[in-house]
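Working through the structure, step by step
Each chain is listed here by its residues.
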Amino acid sequence: MSINKDMRIGELLTLEHANIIAAALMNSGMHCLGCPASQMETLEEACMVHGINCDTLISQLNEVLSGMPAAN
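Please read these numbers as outputs of a predicted model, since none were measured by experiment.

How each quantity is defined
Residues numbered from 1 in each chain as written. Predicted model: local features only at pLDDT ≥ 70, side-chain atom pairs only at ≥ 80, totals over all residues. Heavy atoms only, no water. Helix = DSSP H or I, 4+ residues; strand = E, 2+ residues; numbered from the N terminus. Rg over C-alpha atoms; globule rule 2.2 N^0.38 Å. Contact = heavy atoms within 4.5 Å. Areas by Shrake-Rupley, 256 points an atom, 1.4 Å probe, with all protein chains shown as cover. Buried < 20%, exposed > 50% of the residue type's maximum accessible area, 1.4 Å probe, protein only.

Observations concerning the overall build of the protein chain
For the protein chain, the count of helices and strands is 4 helices and 0 strands. The C-alpha atoms of the protein chain give a radius of gyration of 11 Å, which matches the 11 Å a tight globule of 72 residues would have. Across its three principal directions, the C-alpha atoms of the protein chain cover 35 × 25 × 20 Å. Considering only intrachain contacts with a sequence separation of at least 6, the fraction spanning at least 24 residues in the protein chain is 60%. Approximately 4,400 Å² of the protein chain is accessible, and the part contributed by carbon and sulfur atoms is 55%.

Quick notes on the side chain of Thr42
Tracing the backbone through its elements, the reader meets Thr42 in the loop between helix H2 (18-27) and helix H3 (43-50). Take Thr42: its relative accessible area is 10%, and that puts it in the buried class. Those residues in contact with Thr42 that lie beyond four places of it in its chain are Lys5, Asp6, Met7, Arg8 and Ile9.

Below, the structure written as structure tokens:
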């Protein structure tokens, strides 16, 4: 699994290891994950709204997830 800028926040929060993804997003400054409107935003749109470098965040997320064990 690889995260990209076109994935919607709602989609990210349904992926395996969603708790890790949510924590990383919140640590980056996205505290609106529970807002219904945010669920339909792409990661790129959310980064733009919050002034976050999307490419950097995607790299960090993918790096963290690459070290996570796959579900059985």
